[in-house]
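Spelled out from the first residue to the last, the chains are:
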Amino acid sequence: MSTMEGYNFAYLDEQTKRMIRRALLKAVAIPGHQIPFGSREMPLPYGWGTGGIQVTAAVLGPQDVLKVIDQGADDTTNAVSIRRFFARTAGVATTTDTSAASVIQTRHRIPEKPLREDQIIVYQVPQPEPLSRLEPSRAETRRMHALAEYGLMHVKLYEDITRFGHVAISYDYPVMVNGRHLMAPSPIPAFDNPKMHQMAALQLFGAGREKRLYAIPPYTSVVSLDFDDHPFRTTRAPHACGLCGATDSYLDEVVTDDQGGRLYVCSDTDHCETRREAGHTGSESPLQEAAQ
Amino acid sequence: MAYVAVKGGERAIDNAHAWLAADRRGNPDVPDLGLAQIREQLGRAIDRVMAEGSLYDQDLAALAIKQSQGDLIEAAFLLRAYRTTLPRFAHSEPVDTATMAVRRRVSAVFKDLPGGQVLGPTYDYTHRLLDFTLAAGTAPPPPATAHATGAKMQRVNDFLVHAGLIEPDAPAGTTPGDITRQPLTFPAPRDVRLQALARGDEGFLLGLGYSTQRGYGGNHPFAGEIRVGEVTVEIEPAELGFAIDIGDITLTECQMVNQFKGSKTQPPQFTRGYGLAFGHAERKTMSMALVDRAMRAEELGEDVTAPAQNVEFVLYHSDNIEGTGFVEHLKLPHYVDFQSELETIRRMRAEADAGKEAAE
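Rules behind the numbers
- Residues numbered from 1 in each chain as written.
- Chains lettered and ligands numbered in written order.
- Predicted model: local features only at pLDDT ≥ 70, side-chain atom pairs only at ≥ 80, totals over all residues.
- Heavy atoms only, no water.
- Pairing = 2+ DSSP bridges.
- Helix = DSSP H or I, 4+ residues; strand = E, 2+ residues; numbered from the N terminus.
- Axes fitted to C-alpha atoms, helices over the stretch in contact; angles between N-to-C directions.
- Contact = heavy atoms within 4.5 Å.
- Domains from an automatic or database assignment.
- Buried area = accessible area lost by both parts, 1.4 Å probe.
- Salt bridge = Lys/Arg side-chain N within 4 Å of Asp/Glu carboxyl O.
- Nonpolar A, V, L, I, M, F, W, Y, C, P; charged D, E, K, R; others polar.
- Buried < 20%, exposed > 50% of the residue type's maximum accessible area, 1.4 Å probe, protein only.
- Polar contact = N/O pair within 3.5 Å; in protein donor to acceptor, adjacent residues only side chain to side chain.
- pLDDT = per-residue confidence, 0-100.
- Expected span 1.5 Å × (residues − 1).
- Arc of directions from axis to C-beta.
- Parallel < 35°, antiparallel > 145°, perpendicular 65-115°, else oblique.
- Left-handed = near helix turned anticlockwise from the far one by under 90°.
- Patch = residues over 30% accessible without salt bridge, like charges linked within 9 Å, V, L, I, M, F, W, Y side chains within 5 Å.
- Areas by Shrake-Rupley, 256 points an atom, 1.4 Å probe, with all protein chains shown as cover.
- Core = buried A, V, L, I, M, F, W, Y, C linked by side-chain atoms within 4.5 Å.

Peer 1: Tell me about the sheet that holds strand S6 (residues 175-177) of chain A, residues and numbers included.
Peer 2: Residue and element names in this part refer to chain A. With respect to topology, three strands assemble into an open sheet ordered S7-S6-S10, the strand pairing being antiparallel. The sheet is open, and its two borders are formed by strand S7 (181-183) and strand S10 (222-224), each paired with just one other strand. Strand-to-strand twist of the sheet, defined as the mean angle between neighbouring strand axes without regard to direction, takes the value 30°. As paired strands, S6 and S10 are joined by three bridges and run antiparallel to one another. The residue bridging Val177 from the neighbouring strand is Val222, located in S10.

In structure tokens:
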């Protein structure tokens, strides 16, 4: 594939990439700590993955194989748009196969298949500041991070437990990284939080509009906040995937009619397809339907 | 029911773009709109797009307006995304608005002053009656003309500075910040704040400026001067060692004169709010000057109570490219997060029901 006329490889100029790489090195050196960076205006709107795109552009090389997912799916329109952007500006090979990708840019999910040391996962982050809903001033939250003053977040969790019986955060569930920095894992479902802990792959986070980067190096401790008597727990729809029968994957709930009909299917489309190719079936598989 | 996973995102995008292009063109029986027409006849739209897009280029702004079907925030976004790819050859010397070739200059604080009041091409005293002769395409009568004097038109504030009644200009010589290269940090110095306001959304600044007039952080403003005209832009290439003229740009400048009661260290004197923008942009620069002054509350020992005085609040929300992206990103799929919320709310309802049954 040829790259786009008049633009540098992967769109950004080399000076900008160098600036981002320097910020990324700093981010890797202080896991979970937000690094301000000179986020550029991208040809895609803020809030649509500009941070992730800049990080991907800075780490991408001509030999890389890129996978882009949104909501776990390769075929959601914004994932298609971002994958095309890099196919157009960098001419890199793209894939939907998690195991074949060297760089995975994601919005809202971590693939079900465990990632390897030779892979990088880049998260799109709308709001990098985990304390933002509790304290709107960034001058103040920076001070709180500097002092590791996270009592406010524990109070929030405690208040949830007293009101609802458990923590009522179901996505973007705050984590403590390397025992030091409170971090927003981006709006992945809490179901995905345990995958971040001691992950073999490098995890990079880009927030373009908020102009912050952060990172989790491989094999780093990532602990979801909880209390001894109210341990962290994840939720998923209590069903099996209608297509591949998986009972351990995160499921999307699809409305099938106006009579309350629901179908549950894997949110990770590659995971589901790989399982179906291996012969796994679910209650809605065409074969099963034919048998009925 | 056989479920087919939703495929075809690529085709949907291609089809959407083709439809958009046809929609943009409209009825092909109507002549295509030329960029020169937009540039010459929609000048205020061009000016706004250049100001908020942070790029002074009337032809590119005209293209952006055409491409965005007149959606000016979308047009400013197109310019921003273009300008960020451009190499930087040089920085200009500070422009001197006292040497501006003034088209319009009004002061509300003096009846007359050296250089005079120059009404210029303004809507101010037009009666807002729809002009049906325009619809008929009638050519306007030629305007009155006069010879330019070429005299430098001193800024109104300079008269007050000489008398010691208003705070002087900030000392020159420091390199201003640049939020297009360095992320905002707080406390943000005034040069950075002014840069953010200059490219900020006109509507947002208007609302904030208006709020200060209605009591949310009032600062008793007088329009010291508003001037519109052309200024020369100069750069000094390192290999030359002297400044060269690279062209003229149209600017609007607003100097607000505001009350200040004085403090322990400073005698009572007028303070300033400042507004500057590309093109003819009086509403924008006047709003900007009100908000600039409001954000100086802390520096001037005033209580910080109103939204317009909260520097973080103003600067983080004044950029309409950032704002429109994040507001509109809500239309992207969020079904994974929504699913986790569904499961949480179902669990909470089940627990509530179980509690009710146990109580019965």
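Peer 1: Help me get a handle on the environment of Asp192(A), residues and values and all.
Peer 2: Residues and elements named next belong to chain A. Within the secondary structure layout, Asp192 lies in the loop between S7 and helix H6 (193-196). For the pair formed by Asp192 and Cys266, sequence separation is 74 residues and the distance between their alpha carbons is 13 Å. Contact partners of Asp192, with chain neighbours within four places excluded, come to His108, Arg109 and Ile110.

Peer 1: Describe the domain arrangement of chain A, naming the residues involved and giving the relevant values.
Peer 2: Residue and element names in this part refer to chain A. In terms of domains, chain A is made up of domain 1 (14-130 + 174-221) and domain 2 (236-281 + 288-292). In this structure, domain 1 and domain 2 have C-alpha centres spaced 27 Å apart. The interface is formed by 13 residues belonging to domain 1 together with nine residues belonging to domain 2. Sorting the residues of domain 1 by area buried against domain 2 places Arg109, Glu112 and Phe191 first, and these three jointly supply 47% of that buried surface. For the interface between domain 1 and domain 2, the tally reads zero salt bridges. Taken together, the residues that form the side of domain 1 that touches domain 2 break down as four nonpolar, four polar and five charged.

Peer 1: Tell me what's going on with the pattern of salt bridges, and back it up with residues and numbers.
Peer 2: Summed over the entire model, instances satisfying the criterion amount to 44 salt bridges over all chains. Note that Arg296(B) and Glu299(B) form a salt bridge whose closest N and O atoms lie 2.9 Å from each other. Residue class for Arg296(B) comes out buried when judged on its relative accessible area of 2%. Bridged by salt links that share partners, the residues Glu41(A), Arg80(B), Arg199(B) and Asp319(B) form one connected network.

Peer 1: Help me get a handle on the interface of chain A and chain B, residues and values and all.
Peer 2: Chain A puts 63 residues into the contact, and the matching count from chain B is 46 residues. Where chain A abuts chain B, roughly 4800 Å² becomes buried across the two surfaces, and 55% of that area is made up of carbon and sulfur atoms. The largest share of the area that chain A buries against chain B comes from Glu41(A), Trp48(A) and Arg84(A), three residues that together contribute 13% of it. Here chain A is connected to chain B by seven salt bridges. Here Arg199(B) ties to Glu41(A) by a salt bridge, and the two come within 3.5 Å at their closest N and O atoms. One can count 24 residue pairs in polar contact (both at pLDDT 80 or more) joining chain A with chain B. Listed by contribution, the elements that provide at least two residues to the side of chain A that touches chain B are helix H3 (77-89), helix H4 (138-146), strand S11 (251-255) and strand S12 (262-266) of chain A. Among the elements that take part in the side of chain A that touches chain B, H3(A) stands out by supplying six residues, more than any other. Looking at the side of chain A that touches chain B residue by residue, the classes come out as 30 nonpolar, 14 polar and 19 charged.

Peer 1: Any details on the confidence of the model for chain B? Residues and values, ideally.
Peer 2: Caution is warranted with low-pLDDT regions, since their predicted coordinates should not be read in detail. Residue and element names in this part refer to chain B. In this model, chain B carries an average pLDDT of 91, and 98% of its residues clear a pLDDT of 70 or more. Note that residues 1-6 has pLDDT below 50 and, in this model, nine contacts with residues that lie over four places away or in other chains. Model confidence for the complex: the whole-complex pTM is 0.90, and ipTM, which rates the interface, is 0.86.

Peer 1: Got a sec to walk through helix H1 (residues 14-29) of chain A? Specific residues and values, please.
Peer 2: All names here are of chain A. Compared with the 22 Å implied by 1.5 Å per residue over 16 residues, the 22 Å span of H1 between its first and last C-alpha is a close match. Residues Thr16, Lys17, Ile20, Ala23, Leu24 and Ala27 constitute the buried set of H1. Buried positions in H1, seen along its axis, are confined to an arc of 125° and lie on one side of it. Away from its buried face by more than 90 degrees, H1 exposes Gln15, Arg18, Arg22, Leu25 and Ala29. Each element contacted by the buried residues of H1 is listed here: strand S1 (35-36), helix H2 (50-59), strand S8 (202-207) and strand S9 (212-216). In this structure Asp13 caps H1, since a side-chain oxygen of it lies 3.2 Å from the backbone nitrogen of Gln15.

Peer 1: Before we move on, could you go through the packing of helix H3 (residues 43-53) of chain B against helix H5 (residues 72-83) of chain B and cite the residues and values that matter?
Peer 2: Residue and element names in this part refer to chain B. Direction vectors running N to C along H3 and H5 enclose 45°, while the axes themselves pass 8 Å from each other. Our classification of the angle between H3 and H5 gives oblique. In the packing of H3 onto H5, the handedness of the crossing is right-handed. Here Ala45, Arg48, Val49, Met50, Glu52 and Gly53 of H3 lie close against H5, whose contacting residues are Leu72, Ala75, Ala76, Leu79, Arg80 and Arg83. When the residues that make up the contact of H3 with H5 are grouped by side-chain class, the tally is seven nonpolar, one polar and four charged.

Peer 1: Just give me the short version of the packing of H3(B) against helix H4 (residues 58-67) of chain B, but keep the residues and values in it.
Peer 2: Residues and elements named next belong to chain B. H4 packs onto H3 with a crossing angle of 100° between their chain directions and a minimal axis gap of 9 Å. Relative to H4, H3 is oriented roughly perpendicular. Taken together, the residues of H4 that come into contact with H3 (itself represented by Ala45, Ile46, Val49 and Met50) are Gln58, Ala61, Ala62 and Ile65. Its residues placed into classes, the contact of H3 with H4 shows seven nonpolar, one polar and no charged.

Peer 1: How would you summarise a nonpolar patch on the surface if you had to cite specific residues and measurements?
Peer 2: Together, Tyr7(A), Tyr82(B) and Leu86(B) line one region of the surface with nonpolar side chains, adding up to about 240 Å² of accessible area. Counting through the fold element by element, Leu86(B) comes out in the loop between H5 and strand S1 (101-106).

Peer 1: Describe the nonpolar core, listing the residues and the values that go with them.
Peer 2: Counting residues in each nonpolar core, the largest one holds 30 residues, and the members touching the most others are Ile20(A), Ile53(A), Phe85(A), Phe86(A) and Leu213(A). Elements that contribute at least two residues to this core include exactly H1, H2, strand S2 (65-70), H3, S8 and S9 of chain A.

Peer 1: Tell me what's going on with the sheet that holds strand S2 (residues 221-235) of chain B, and back it up with residues and numbers.
Peer 2: All names here are of chain B. Spatially, S1-S2-S3-S4 is the arrangement adopted by the four strands of the open sheet, whose pairing is antiparallel. What marks the edges here is a single partner per strand, and that holds for S1 and strand S4 (271-278). Strand-to-strand, the axes of this sheet are offset by a mean angle of 20°, without reference to chain direction. Across 14 bridges, the pairing between S2 and strand S3 (residues 244-258) is antiparallel. Paired with Ala223 across the bridge in S3 is Met256.

Peer 1: An account of the pairing of S2(B) is needed here, citing residue identities and associated values.
Peer 2: The two faces of the sheet receive side chains in turn, since in a regular strand these alternate between them. Two strands pair when backbone bridges link them, and S1(B) and S2(B) are joined in this way by five bridges, in the antiparallel orientation. The partner of Ala101(B) across the bridge, within S2(B), is Glu230(B).

Peer 1: So what about the environment of Thr94(A)? Which residues, and what values?
Peer 2: Residues and elements named next belong to chain A. Note that Thr94 resides in strand S3 (residues 93-94). Taking the relative accessible area as the measure of exposure, Thr94 reaches 33% and is therefore partly exposed. Residues Thr94 and Thr56, spaced 38 residues apart in sequence, show a C-alpha to C-alpha distance of 13 Å. Ignoring any residue separated from it by four or fewer positions in sequence, one finds Thr94 in contact with Val65, Leu66, Arg83 and Ala87.

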